[in-house]
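Observations on the model geometry
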Amino acid sequence: AQKIEGVYGARMMGAGFGGCTINLVEDSAVDRFTDTIMERYSNRTGKQIEVYKTSIGPGTKTLDMKAV
């Protein structure tokens, strides 16, 4: 994954029962990255993968419960 243009980082997660990768990809490269990964994985394994596109949120914060 890291050799694909627009990928900032990639990491294997899980394992044993299939595992997954988490990839940090430039917005403009997401569709190209997804198509490339799906094609390469299918060609190597004969299996299809699922891709979940997400984005980074603002993280945690303190809430004032009196104001809620």
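Rules used in this analysis
Residues numbered from 1 in each chain as written. Predicted model: local features only at pLDDT ≥ 70, side-chain atom pairs only at ≥ 80, totals over all residues. Heavy atoms only, no water. Helix = DSSP H or I, 4+ residues; strand = E, 2+ residues; numbered from the N terminus. Rg over C-alpha atoms; globule rule 2.2 N^0.38 Å. Salt bridge = Lys/Arg side-chain N within 4 Å of Asp/Glu carboxyl O. Buried < 20%, exposed > 50% of the residue type's maximum accessible area, 1.4 Å probe, protein only. Expected span 1.5 Å × (residues − 1). Contact = heavy atoms within 4.5 Å. Polar contact = N/O pair within 3.5 Å; in protein donor to acceptor, adjacent residues only side chain to side chain. Core = buried A, V, L, I, M, F, W, Y, C linked by side-chain atoms within 4.5 Å. Patch = residues over 30% accessible without salt bridge, like charges linked within 9 Å, V, L, I, M, F, W, Y side chains within 5 Å. Areas by Shrake-Rupley, 256 points an atom, 1.4 Å probe, with all protein chains shown as cover.

Time to look at the overall build of the protein. Summing up its helical and strand segments, the protein has 1 helix and 2 strands in all. In sequence order, the protein lays out its α and β elements as β-β-α. A compact globule built from 68 residues should have a C-alpha radius of gyration of about 11 Å, whereas the protein, at 16 Å, is more than 25% larger. Taking the principal axes of the C-alpha coordinates as reference, the protein spans close to 55 × 30 × 15 Å.

All right, on to the pattern of salt bridges then. In total, this model carries 1 salt bridge according to the counting rule given. A salt bridge links Lys-53 to Asp-31; the nearest nitrogen and oxygen atoms lie 3.0 Å apart. In this pair, Lys-53 sits in the segment after α1 (30–45) while Asp-31 sits in helix α1, placing the two residues 22 residues apart along the sequence. On the basis of relative accessibility, which here comes to 53%, the residue Lys-53 falls in the exposed class.

Take α1 next. The terminal C-alpha atoms of α1 lie 22 Å apart, and with 16 residues this matches the ideal 22 Å at 1.5 Å per residue to within 8%. Considered for burial, the residues of α1 that qualify are Phe-33, Thr-34, Thr-36 and Ser-42. Turning to α1, the residues buried within the fold contact β1 (7–13) and β2 (20–25). Of the residues trailing α1, Gly-46 is marked for its positive phi of about 75 degrees.

Its place among the elements puts Ser-42 in helix α1. There is a polar contact of 3.2 Å between the side chain of Ser-42 and the side chain of Gln-48. Ignoring any residue separated from it by four or fewer positions in sequence, one finds Ser-42 in contact with Lys-47 and Gln-48.

Let us look at the nonpolar core. Counting 5 residues, the largest nonpolar core is built from Ile-4, Val-7, Val-25, Ala-29 and Phe-33. Leaving out residues up to four positions away in the same chain, Val-25 has contacts with Gly-6, Val-7, Tyr-8, Val-30 and Phe-33.

A contiguous nonpolar patch, built from Tyr-8, Leu-24 and Ile-56 and spanning about 420 Å² of accessible area, is present on the exposed surface. Residue placement: Ile-56 occurs in the segment after α1.

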